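Here's the letter readout for the chains.
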Amino acid sequence: QVQLVESGGGLVQPGGSLRLSCEASGIDFSPNVMGWYRQAPGNERDKVATIEHDGATVYADSVKGRFTISRDNARNTVYLQMTSLKPEDTAVYYCKADRTSWPSYRYWGQGVQVTVSS
């Protein structure tokens, strides 16, 4: 049974920081790409950042310079360090694990709430 379990969300004041973690368990073959997405009420789910197995990263323009994605391949875990948080960062954050080579798969976590408010 594959599970992606996120943690680290919560309430933070504008300008503050949070670190999200997502551990994938029950996976026999490492994902090629792991990433973080977010969805605010009434909006679509958007990509925040992704990281390849070799460490190559891609960030949404809105978070460049503020968020840092990293991963621990041995633990199939991905992290998102968020700094200088803004109210518009408020959303449910989801992690995703993709494997494009055989055996291919795509798994999503259940989501974790991040609220930026004073």
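All values derive from a computational prediction rather than experimental measurement.

A.B. asks: For this particular structure, what's the right way to read the state of the cysteines?
C.D. replies: In a disulfide, the sulfur atoms of two cysteines are covalently bonded to one another. A full pass over the atoms with the stated rule returns one disulfide. Disulfide partner of C22: C95, at an S-S distance of 1.9 Å. You can see C22 sitting in strand β3 (residues 18–25) and its partner C95 sitting in strand β9 (residues 91–99), a full 73 residues away along the chain.

A.B. asks: In this structure, what is going on with unusual backbone geometry? I would like to understand it.
C.D. replies: That bond from W102 to P103 is cis: its omega, -5°, falls within 30 degrees of zero. Assignment of secondary structure puts P103 in the loop between β9 and β10 (105–108). Phi at N76 is positive, roughly 50°, even though this residue is not glycine. Turning to its location among the elements, N76 is positioned in the loop between β7 (67–72) and β8 (77–82). The buried category is assigned to N76, whose relative accessible area is 10%. In this model, S84 sits at a positive phi of 50°, which is unusual for a non-glycine residue. On the secondary structure map, S84 appears in the loop between β8 and β9. On the basis of relative accessible area, S84 is assigned to the partly exposed category, the value being 41%.

A.B. asks: I would appreciate a short explanation of the environment of V112 in the present structure.
C.D. replies: The residue V112 is located in strand β11 (residues 112–116) in this model. Between the C-alpha atoms of V112 and R38, which are 74 residues apart in sequence, the distance is 9.2 Å. Excluding residues within four positions of it along the chain, V112 makes contact with E6, G9, L20, A91, V92 and Y93.

A.B. asks: Looking at this structure, how should I read the pattern of salt bridges?
C.D. replies: Two side chains carrying opposite charge are able to pair once their charged atoms lie near each other. Tallied over the full model, the rule gives six salt bridges. D89 is the partner of R38 in a salt bridge, and the nearest nitrogen-oxygen pair spans 3.0 Å. Placement of the pair is R38 in strand β4 (residues 33–39) and D89 in the loop between β8 and β9, with a sequence separation of 51 residues. Look at D89 and you get buried, because its relative accessible area is 1%. A salt bridge links K64 to D61; the nearest nitrogen and oxygen atoms lie 3.1 Å apart. Of the two residues, K64 and D61, neither departs from the other in class, the shared state being exposed. Connected through salt bridges with shared partners, the residues R38, R66 and D89 form a single ionic network.

Calculation rules
Residues numbered from 1 in each chain as written. Predicted model: local features only at pLDDT ≥ 70, side-chain atom pairs only at ≥ 80, totals over all residues. Heavy atoms only, no water. Disulfide = S-S within 2.5 Å. Helix = DSSP H or I, 4+ residues; strand = E, 2+ residues; numbered from the N terminus. Buried < 20%, exposed > 50% of the residue type's maximum accessible area, 1.4 Å probe, protein only. Contact = heavy atoms within 4.5 Å. Salt bridge = Lys/Arg side-chain N within 4 Å of Asp/Glu carboxyl O.

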